[in-house]
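Per-entry structural report
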Amino acid sequence: MRLIIRDDPTQASSYIAKYIIDRIQAFNPTKEHPFVLGLPTGSSPVGIYKILVQKFKAGEISFENVVTFNMDEYIGIPREHPESYHTFMYKHFFSHVNVHPSNIHILNGNAPDLEAECVQYEAAIKAAGGIDLFLGGIGPDGHIAFNEPGSSLASRTRVKTLAYDTIIANSRFFDNDLEKVPKMALTVGVQTVLEAREVVIIITGAHKSLALKKCIEDGVNHMWTLSSLQLHPHPMIVVDEDATLELQVKTVKVIAPIPHIKIIPELTRNQYFKSIEAVASSQGFEQILPSKIRTGPRTTALNSTYSPSKPPTPATVKDEPSILSPQPVTSTLLAAPATEYPVRSHTPELVPDRMGSRIAAF
Amino acid sequence: MPSAVPTNNNEIITKFTNCRLVKGDELVEQDLWVSSATGKIVKSQEAFYGAHATPDVTVNLGGRIISPGLIDVQLNGAFGFNFSSIPEEPSSYGKTLRQVNKSIIQTGVTSYLPTLTTQPQEVYHNALPYLGPSGGLRIASDGAESLGAHCEGPFLSPTKNGIHPVECITPALNGFSDLEAMYGATNINPTLDPLSGTLQAPKIKKITAAPEIGAMMRTIPDITARGIVYSIGHTEASYEEASLAVASGATMITHLFNAMRPLHHRNPGVFGVLGIAESLPRPYFGIIADGIHLHPTSIKIAFNAHPEGFVLVTDAMHLVGLPDGVYEWNNGERILKRGSQLLLEGTEKIAGSSITLIECVSNFLNFSGATVPQALKAVTATPAAMLGLSGVKGSLESDADADLVVLEEQVDAMGKRSLKVDQVWKFGSKVFDRSQ
């Protein structure tokens, strides 16, 4: 896990925006082999979208060949409702950039058959070749998408009832009228997120510091669904200073005192991560993905056996990554039989025997 | 093999970006999509997700202001053409009008009420058939659109005639039948369209009359029942009479302060109905902000009395745009044009104005210190509401008609603010660009 700590939310957002742009450019997406981006809604990502829009308007990035999948959407409010996630995405991102509407996927909370909608959504992700980078945020209770505390870590896209706390929290967007707040939502599952080749999470603000602690310092736990990220091969969490407030003190070499938290004399763990980042970047080493995932499709011609009688096969084929869509450990734990990874042999059954039996007879 | 031709293959969706939209009393930084096919403002989010529509053209306005197209509810003529005239060749009226409409729109006025002053009966009968609502076909190149005629007279108070010829002023003693006789029954009543068989709105959209003269007071409901706005003006009405007119259905006051009794502390006159003591709905009111008709402070007081009813009008004569000099007027009288001032020759009587509507807006900005959206509201959303066209004209909300002006805000060395019309769009197509 990479934990990137920046001084304030703006710097954290700008780090992620730059990271996404670098990723898309390195991938060099084409019409046939688009970059597949998973996107969140919420207050934390707004800053990221703002910077992405700026960079687009400055001509530094094009979303021409980017396919997007959003995390979630309310059930039962019109698509044009000011609080719908369609509206959020349109307002903050899609209306300002050149993502083609046919490349956009947002769950339809008004679908006649919601179950079918969820199944189709998973199928669409697969058809697009899987998500290359899933951007996310979390709630103060550590939830990712609408996978609130207690959601199965093996969950997939599905209908979800919202927790009462969430309904109350959301009521401020619906005239403070609980009756108007949607009670259900469609959301991708934890497993859906974990299957992305890369997951990048933004966490900012003191009110999310406990969630950050629970998700990275404690064990994997369905009460803090983001903690499942510990099982992902390529996760990254980008936070601001405030979000690190609850991180534990640890005996790590001091790099520099943190200017605006002088009242804490000890060292905090974020300095541990900071020191890692400092060392890594001094060595020109960043989080390395398998090179083929990093660079997108191979563009060499594969149809060497081309014959005029056969229709030509496409010249470019989306390569299977060297790690077949990185398998989070949950899939091997939960989806037996695991075939992608060698399964470690079980601890042998205890067979009580006499000590004497092990002594070779004279 | 013939195939169905898609109906929208000529549709051009234009997206304005990097612009500030006049919405209510605020300038909102937001993109705006318009369609040349429907002539309307596009529900962009719905079109984007639903029809996977993307703009064909993106216009970067560099932070300039988009206002709904301006609406002038009192325009007597322009570019040398007086609406209240019968040309020597009567059939040329329509042709000249079409030319003038193409000129008017370049001033930022995308729709207006062509206004007829007090005239002999035959002028109404000749002119009104040409002056009815003209936007039915939604053709951008037609220029400024008439929303219906405004008849200012002849049922006025002879003592508050302004420059209207007294000999033509007449009371409507018999009520509505006198109006029908004066204006022509086919002009003041809805007519059946012979082609579609549907009822069409009357040619007349607004009548200015003195409520205390003849049987006008009891005729007001007959007027408003036909969808025509009754406006109090050129009147000796007391506060009580003005209140009764409002109670009878008057929703507008024509050029407040001018050609009516002044505000007196013991009888506040027509101005008094802007008070809220009587629990009557407060009418809209027109204000001529040319700096000549009214003192700037009077304008400010009127605005503050009822900002939601404040409508800026030009009351411009056909001389607007022509050089200074002496021009022929009714019945041998002549008008002296000196700059933006028009006087009846040999008198000190103001003979209308020769100012453009956007100049009125700039004046109002400087007189009152109002914000740009507040000032523009007085020539867009408020007159549209007065005419019952909220959400159709004078609005940048989805599904409103895509009549737009692109404005540049300028401040000179003296700190004087002004708005310049850079572009004009009608029904989703550009019809004027200052830089071209």
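Residues numbered from 1 in each chain as written. Chains lettered and ligands numbered in written order. Predicted model: local features only at pLDDT ≥ 70, side-chain atom pairs only at ≥ 80, totals over all residues. Heavy atoms only, no water.

**With respect to the UniProt feature "domain: Glucosamine/galactosamine-6-phosphate isomerase" (unreviewed entry) in chain A**
Here the UniProt-annotated "domain: Glucosamine/galactosamine-6-phosphate isomerase" (unreviewed entry) positions come out as residues 8–219 of chain A. Segment residues 8–219 of chain A splits into 37% helix and 16% strand. End C-alpha atoms: 27 Å apart. (UniProt positions renumbered as here; feature names shortened; annotations may be inferred. Helix = DSSP H or I, 4+ residues; strand = E, 2+ residues; numbered from the N terminus.)

**Section: the interface of chain A and chain B**
Across the contact, 17 residues belong to chain A and 13 residues belong to chain B. When chain A packs against chain B, the two sides together hide about 1200 Å² of surface, and 55% of this comes from carbon and sulfur. Area buried by chain A at its contact with chain B is led by Glu80, Tyr90 and Pro101 of chain A, which between them contribute 49% of it. The interface formed by chain A and chain B includes zero salt bridges. (Contact = heavy atoms within 4.5 Å. Buried area = accessible area lost by both parts, 1.4 Å probe. Salt bridge = Lys/Arg side-chain N within 4 Å of Asp/Glu carboxyl O.)

**Observations concerning the sheet that holds strand 9 (residues 199–203) of chain A**
All names here are of chain A. Read from one edge to the other, the open sheet built from seven strands follows the order 1-10-9-6-2-3-5, with strand pairing classed as parallel. Each edge of the open sheet carries a strand with a single partner, namely strand 1 (2–6) and strand 5 (104–105). Its contacts with the sheet put helix 7 (residues 209–216) on strand 1, strand 9 and strand 10 (235–240), and the angle it makes with strand 10 is roughly 155 degrees. (Pairing = 2+ DSSP bridges. Axes fitted to C-alpha atoms, helices over the stretch in contact; angles between N-to-C directions.)

**Things to note about the pairing of strand 7 (residues 70–75) of chain B**
Residues and elements named next belong to chain B. Within strand 7, six of the six residues are buried, leaving the element largely enclosed by the surrounding structure. Examined bridge by bridge, strand 7 and strand 10 (residues 109–116) share four bridges and lie parallel to one another. Counterpart to Leu70 in the pairing with strand 10 is Val109. (Buried < 20%, exposed > 50% of the residue type's maximum accessible area, 1.4 Å probe, protein only.)

**Remarks on the confidence of the model for chain B**
Averaged over every residue, the pLDDT of chain B is 92; residues scoring 70 or more account for 97%. Predicted complex metrics record ipTM = 0.72 and pTM = 0.81. (pLDDT = per-residue confidence, 0-100.)

**Thoughts on the environment of Phe257 of chain B**
By secondary structure assignment, the location of Phe257 of chain B is in the loop between strand 17 (252–253) and strand 18 (284–288). Counting along the chain gives 41 residues from Phe257 of chain B to Ser298 of chain B, while the straight-line C-alpha distance between them is 8.5 Å.

**Quick word on the UniProt feature "binding site: Zn(2+)" (unreviewed entry) in chain B**
All names here are of chain B. Residues annotated in UniProt with the feature "binding site: Zn(2+)" (unreviewed entry) correspond here to Glu152, His234 and His255. These annotated residues cover 104 residues of sequence, and their C-alpha atoms all fall within 10.9 Å of one another, placing them together at a single site. Mapped onto the elements, His234 comes out in the loop between strand 16 (229–232) and helix 7 (239–248). Within the structure, the side chain of His234 is placed 2.8 Å from the side chain of Glu152, a separation counted as a polar contact. Positionally, His255 belongs in the loop between strand 17 and strand 18. Relative accessible area serves as the criterion here: at 4%, His255 is assigned to the buried category. (Polar contact = N/O pair within 3.5 Å; in protein donor to acceptor, adjacent residues only side chain to side chain.)

**Description of the nonpolar core**
Grouped together as the largest cluster of nonpolar side chains are 82 residues, with contacts concentrated most on Phe83, Leu179, Tyr183, Ile207 and Leu376 of chain B. It is helix 9 (residues 357–368) of chain B that contributes the most residues to this core, six residues altogether. Two domains each provide a minimum of three residues to this core, namely domain 1 (13–67 + 398–433) and domain 2 (68–386) of chain B. Ile21 and Phe63 of chain A together with Val42 and Phe48 of chain B belong to the second-largest nonpolar core, a separate cluster that totals 43 residues. (Core = buried A, V, L, I, M, F, W, Y, C linked by side-chain atoms within 4.5 Å. Domains from an automatic or database assignment.)

**Regarding the sheet that holds strand 25 (residues 417–426) of chain B**
Residues and elements named next belong to chain B. Read from one edge to the other, the open sheet built from six strands follows the order 3-2-6-24-25-26, with strand pairing classed as mixed. Where the open sheet ends on each side, the last strands, each with one partner, are strand 3 (26–29) and strand 26 (429–433). The average angle at which neighbouring strand axes cross in this sheet is 35 degrees, direction not considered. Relative to strand 6 (residues 65–68), strand 2 (residues 20–23) runs parallel, the two sharing two bridges. Across the sheet, residue Arg20 finds its bridge partner in strand 6, namely Ile65. Contacting strand 24 (404–411) and strand 25, helix 9 crosses the sheet at an angle of about 145 degrees to strand 25.

**Regarding the packing of helix 3 (residues 121–131) of chain B against helix 4 (residues 176–183) of chain B**
Residue and element names in this part refer to chain B. Orientation of helix 3 relative to helix 4, taken along the N-to-C sense of each, is 70 degrees, at an axis distance of 7 Å. In terms of orientation, helix 3 lies roughly perpendicular with respect to helix 4. Counting all contacts with helix 3, which are made through Gln121, Tyr124, His125 and Leu128, the residues of helix 4 involved are Ala181, Met182 and Tyr183. Residues belonging to the contact of helix 3 with helix 4 are distributed by class as follows: five nonpolar, two polar and no charged. (Parallel < 35°, antiparallel > 145°, perpendicular 65-115°, else oblique. Nonpolar A, V, L, I, M, F, W, Y, C, P; charged D, E, K, R; others polar.)

**Observations concerning the packing of aromatic side chains**
On inspection of all chains with the given rule, the structure shows 29 aromatic pairs over all chains. Where Phe285 of chain B meets Phe310 of chain B, the ring centres are 5.8 Å apart and the plane angle is 80 degrees; that geometry is what we call edge-to-face. Of this pair, Phe285 of chain B sits in strand 18 while Phe310 of chain B sits in strand 19 (residues 310–313), and the two are 25 residues apart along the sequence. Judged by relative accessible area, which is 0%, Phe285 of chain B ranks as buried. A network of ring pairs unites the aromatic residues Tyr49, Phe56, Phe63, Phe88, Tyr90, Phe93 and Phe94 of chain A together with Phe48 and Tyr49 of chain B as a single cluster. (Phe/Tyr/Trp six-rings, centres within 6.5 Å; stacked < 30°, edge-to-face > 60°.)

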